Amino acid sequence: MTRIDRIRQMERYLDVSVHAFKKLDDALSEYEAALPSYLKLTEYYGSAQWMKDYKADEAGKLPQTLKRGVLSEDAVYDLLADTRSILVRMLKVVTALS
């Protein structure tokens, strides 16, 4: 490989890396902003209040037009599982960079 080819290749690596890290930084900022909501959701999920709301839904006491995915057992559980998977992945990436 010639010097010129090597420099061109490294420039491509730089461009790809800068773009990816910018997107990661933006996504991390969005995640940090959402974290308080996520923590409130996890506190609610499985609580006594959640169970009361769930039973009210099962009894037909909530309006049919009310968005209530939070009362499904799968939506929040899947979010929790996805979060754990992403956090493990992030740890692997950070470890690889160390």
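Summarised in this report is the structure supplied together with it. All figures in this text were calculated on a predicted structure; none of them were measured in a lab.

**Regarding helix α1 (residues 3-44)**
Between its first and last C-alpha, α1 extends 59 Å over 42 residues, near the 62 Å set by a 1.5 Å rise per residue. Taking the largest bend as the criterion, α1 deviates by roughly 45°, centred on Leu-35, and proline Pro-36 comes between one and four positions later. Backbone geometry just after α1 places Gly-46 at a positive phi near 85°.

**Points about the packing of α1 against helix α3 (residues 73-97)**
At a minimum axis separation of 12 Å, α1 and α3 run at an interaxial angle of 135°. Classified by the interaxial angle, the pair formed by α1 and α3 is oblique. The crossing of α1 and α3 is left-handed. In contact with Tyr-31, Tyr-38, Leu-41 and Thr-42 of α1, α3 contributes Val-76, Leu-79, Leu-80, Thr-83 and Leu-87. Considered class by class, the residues forming the contact of α1 with α3 number 7 nonpolar, 2 polar and no charged.

Cut-offs used in this document
- Residues numbered from 1 in each chain as written.
- Predicted model: local features only at pLDDT ≥ 70, side-chain atom pairs only at ≥ 80, totals over all residues.
- Heavy atoms only, no water.
- Helix = DSSP H or I, 4+ residues; strand = E, 2+ residues; numbered from the N terminus.
- Expected span 1.5 Å × (residues − 1).
- Bend = angle between axes of the 7 residues up to and from the residue.
- Axes fitted to C-alpha atoms, helices over the stretch in contact; angles between N-to-C directions.
- Parallel < 35°, antiparallel > 145°, perpendicular 65-115°, else oblique.
- Left-handed = near helix turned anticlockwise from the far one by under 90°.
- Contact = heavy atoms within 4.5 Å.
- Nonpolar A, V, L, I, M, F, W, Y, C, P; charged D, E, K, R; others polar.

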